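Here are the chains, one letter per residue:
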Amino acid sequence: MITLKEALTLNADEIKSLTADLENKIKTDKHIGCYVEQFKSEDIKLSLDNSIPIAVKSNINITSWETTACSNILKNYISPYTATVVQNLHKAGLGAFGHTNMDEFAMGSSTETSCYGRTLNPLDNEKVPGGSSGGSAAAVASGQAIAALGTDTGGSIRQPAAYCGVVGMKPTYGRVSRYGIIAYSSSLDQCGPITQNVEDAAILYDIISGYDAKDSTSANIDYTPIAPSLDANKKLTIAVIDNFISEADDCTKKAYANTIEKLKDAGHTIIHKNMMDTKKHISSYYVVATAEASANLSRYDGIRYGNRVEATNLKDTYLKTKSAGFGKEVQKRILLGTFVLSSGYYDAYYIKAQKVRHLIKDEFNAIFEEADLILSPVAPATAPKFGAFESSLEMYLSDIYTISVNLAGLPAISIPVEKDKNNMPIGLQLIGKAYDEKTLFDGAMSLEQSVNYKK
Ligand code: GLN
């Protein structure tokens, strides 16, 4: 599969044949389920004629495309507008190519809760591709896309990238416009690239980033493109969080230790730090995320938005509509979010979670006074088998390494470093200072070269 960088040099005829090749590959590899139903067998449409095809997660609106966030409640919803990130693709000669599968409303870590069915991990079809951007990661990993867009609220770009052996990057909160992206948790959501390598991630990140007046959380600060000046030779100070690693399994621990040695050999300085218990990250995240989700999803009531199940009165219409339209995991989160925001519990849960969130941010800031970057695992283990998580809580606990980054609004990039004994990829992430994506990508280039995963 050619890289995004190579695709950018193709002429119109070559782009046409690339698109045709991808269409064929998608039809042959339909069983992996990277794309949502309407894109699996028909000829795949592009959002812009003769553009370089980029796979786009199903929670990103594109004019005249069915945009559902893989929820029954939005089935047959035809989008009347195009998200800024896709408009930015168009400006660079790229186009959206197929909506990829995802956990319903981006709630999940395995792409098992989509109304279109699950996506398989292309490296082992009995295992999950990760989530929630599992379709995007599996598409890049299986050669059904040259690059893709995902969204990351608590790890949904980085974790599926790690499980599928590709690169996934979550920008600083505010760096990429969320106008036209279906909201899950508005103080955490960010859109970012999933690609075959670090350089492609920088190229796609440059294309989608920048201020957008249509998104009130968009950061109006100077932005200099990164890809043209990537520097893998910069010597950096990289912090490792010693108390984090005990939560990981043995092969992840070993990959982490090996990578630290390789980074030292590349001339970087490693310093050792500790942070608060990751269980507190989980508690804070799942209170904040579900609270915001309950507010964001209240619009899907069958009246203003979404499919309606008719009943004899308004209350029953709401009840029947939401019961039929939302899957179990989404319903659970709406209930939890409504609970933590209700009077009497607001101070005990929501306010406390926000305080913990600030403490996490302070801890990161303190580390970044001495370090340029932080190195951490992406997940405690490699991709699990389907159905391995027996409860929602077990699944939530697999998010321990990714969610603090969103709570603090920081940029981070997940890079495959080694394989476990079953030949499944192990990903590690570098975390950067807010708005310092340049240093993040420089360090990521160096890490990618040091581990030489593709050898
Ligand atoms: N697994 C996390 C959750 O379910 C993260 C999902 C995401 O980043 N969208 O909330």
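The notes below deal with the structure included here. (Residues numbered from 1 in each chain as written. Predicted model: local features only at pLDDT ≥ 70, side-chain atom pairs only at ≥ 80, totals over all residues. Heavy atoms only, no water.)

Re the overall build of the protein chain
Going by this rule: For the purposes of this entry, the term helix denotes a DSSP run of H or I that reaches at least four residues, the term strand denotes a run of E that reaches at least two, and both are numbered from the N terminus. For the radius of gyration, the atoms used are the C-alpha atoms, and the globule rule reads 2.2 Å times the number of residues raised to 0.38. Throughout, exposure labels follow a simple rule: accessible area from a 1.4 Å probe, protein chains only, divided by the maximum for the residue type, with under 20% read as buried, over 50% as exposed, and the rest as partly exposed. We call two residues contacting when some pair of their heavy atoms lies within 4.5 Å. With residues, only the protein chains shown are counted as cover, and all accessible areas are computed by Shrake-Rupley using a 1.4 Å probe. Under the counting rule used here, the positive set is Lys and Arg, the negative set is Asp and Glu, and His together with the chain ends is not counted. Lysine's charge is taken at NZ, arginine's at CZ, aspartate's at CG and glutamate's at CD.
A tally of regular secondary structure across the protein chain gives 15 helices and 10 strands. For the protein chain, the C-alpha radius of gyration of 21 Å lies close to 23 Å, the compact-globule estimate for 455 residues. Taking all 455 residues of the protein chain together, the buried fraction comes to 61%. Partitioning the contacts of the protein chain with sequence separation of at least 6, the portion at a separation of at least 24 is 75%. For the protein chain, the computed accessible surface area is about 17200 Å², with 51% contributed by carbon and sulfur atoms. Within the protein chain, the 52 negative side-chain charges are centred at a point lying 3 Å from the centre of the 46 positive side-chain charges.

A few points about helix 10 (residues 314-325)
Quick note on the threshold: Here the expected span of a helix is defined as 1.5 Å times the quantity of residues minus one. An arc is given here, and it is the one of the directions from the helix axis to the C-beta atoms. Polar contact is defined as a pair of N or O atoms within 3.5 Å, subject to the rule that within protein one atom must be able to donate a hydrogen and the other to accept it, and that residues adjacent in sequence are counted only when both atoms are side-chain atoms.
Taking 1.5 Å per residue, 12 residues should reach 16 Å; helix 10 reaches 16 Å between its end C-alpha atoms and fits that length. Of the positions making up helix 10, those classed as buried are Thr317, Thr321 and Gly325. The arc enclosing the buried residues of helix 10, seen along the axis, measures out at 35°, which places them on a common side. Exposed residues on helix 10 whose side chains face more than 90 degrees from its buried face are Lys315 and Leu319. A distance of 3.3 Å separates the backbone nitrogen of lysine 315 from a side-chain oxygen at the start of helix 10, and that oxygen is part of asparagine 313.

Remarks on the packing of aromatic side chains
Heads up, the rule is: Only centres within 6.5 Å qualify two rings of Phe, Tyr or Trp (six-membered ring in Trp) as a pair; their planes then separate them into stacked at under 30 degrees, edge-to-face at over 60, and tilted for everything else. Cation placement over rings: the criterion is NZ of Lys or CZ of Arg within 6 Å of the ring centroid and within 35° of the ring normal.
Counted under the stated rule, the structure contains 17 aromatic pairs. A ring pair is formed by tyrosine 81 and tyrosine 179, whose centres lie 5.3 Å apart and whose planes are at 65°; its orientation type is edge-to-face. Of this pair, tyrosine 81 sits in the loop between strand 1 (52-57) and helix 4 (84-91) while tyrosine 179 sits in the loop between strand 4 (167-170) and strand 5 (190-195), and the two are 98 residues apart along the sequence. Every member of this aromatic cluster is reached through a ring pair, and the members are Tyr77, Phe105, Tyr300, Tyr305 and Phe326. Across the ring face of phenylalanine 386, the terminal group of arginine 118 is positioned such that the distance to the ring centre comes to 4.0 Å.

Focus on empty space enclosed by the protein
Once rolled over the atoms, a probe with the size of a water molecule shows which space is left empty. Cut-off, in case you're wondering: Only protein atoms enter the 1 Å grid used here. Points where a 1.4 Å probe fits but cannot escape make up a cavity, open sets with protein on both sides within 12 Å along at least five of seven lines make up a pocket, and a residue lines them when an atom lies within 4 Å of a point. Grid points are joined across faces, edges and corners, and a volume is the space filled by probe spheres set on the points. In this count, Pro and Cys sit with the nonpolar residues alongside Ala, Val, Leu, Ile, Met, Phe, Trp and Tyr, while Asp, Glu, Lys and Arg are called charged and the others, Gly among them, polar.
Applying the stated criterion to the full structure yields 5 cavities of 30 Å³ or more. Considering only enclosed or pocket space, the largest cavity measures out at about 110 Å³ in volume. Looking at the lining of the largest cavity residue by residue, the class counts come to 6 nonpolar, 9 polar and 2 charged. In this structure, the second largest cavity occupies an estimated 60 Å³ of space. Looking at the second largest cavity, the residues that line it are Ala162, Tyr163, Thr252, Val378, Ala379, Ala381, Thr382, Pro425, Ile426 and Gly427. Counting only elements with at least two residues in the lining of the second largest cavity, the list comes to helix 6 (158-164) and strand 10 (425-432). In terms of residue count, strand 10 provides more of the lining of the second largest cavity than any other element does, 3 residues in total. Residue composition of the lining of the second largest cavity, grouped by class: 7 nonpolar, 3 polar and no charged.

Quick word on the packing of helix 11 (residues 328-341) against helix 12 (residues 346-368)
Rule in force here: For every element, the axis is a line fit to its C-alpha atoms; helices are fit only across the contacting stretch, and the angle between N-to-C directions ranges from 0 to 180 degrees. Angles are sorted into four bins: roughly parallel if under 35 degrees, roughly antiparallel if over 145, roughly perpendicular if 65 to 115, and oblique for all others.
Helix 12 packs onto helix 11 with a crossing angle of 105° between their chain directions and a minimal axis gap of 7 Å. Relative to helix 12, the element helix 11 is oriented roughly perpendicular. Along its contact with helix 11, which presents Phe339, Val340 and Leu341, the element helix 12 presents Tyr346, Tyr349 and Tyr350. For the contact of helix 11 with helix 12, a count of residues per class yields 6 nonpolar, no polar and no charged.

A short note on the pattern of salt bridges
Quick reminder of the rule: Should a side-chain nitrogen of Lys or Arg be within 4 Å of a carboxyl oxygen of Asp or Glu, the pair is scored as a salt bridge.
Within the structure shown, the criterion is met by 16 salt bridges. Of the charged contacts in the structure, one is a salt bridge between lysine 5 and glutamate 199, with a shortest N-O distance of 3.2 Å. Of this pair, lysine 5 sits in helix 1 (residues 4-7) while glutamate 199 sits in helix 7 (residues 198-208), and the two are 194 residues apart along the sequence. Judged by its relative accessible area of 24%, glutamate 199 falls in the partly exposed class. Lysine 273 is paired through a salt bridge with glutamate 370; the nearest N and O atoms lie 2.9 Å apart. With lysine 273 in strand 7 (residues 269-273) and glutamate 370 in the loop between helix 12 and strand 8 (373-377), this residue pair connects regions lying 97 residues apart in the sequence. Its relative accessible area of 49% is what places glutamate 370 among the partly exposed residues. One salt-bridge network, in which partners are shared between bridges, spans Lys234, Lys438 and Asp442.

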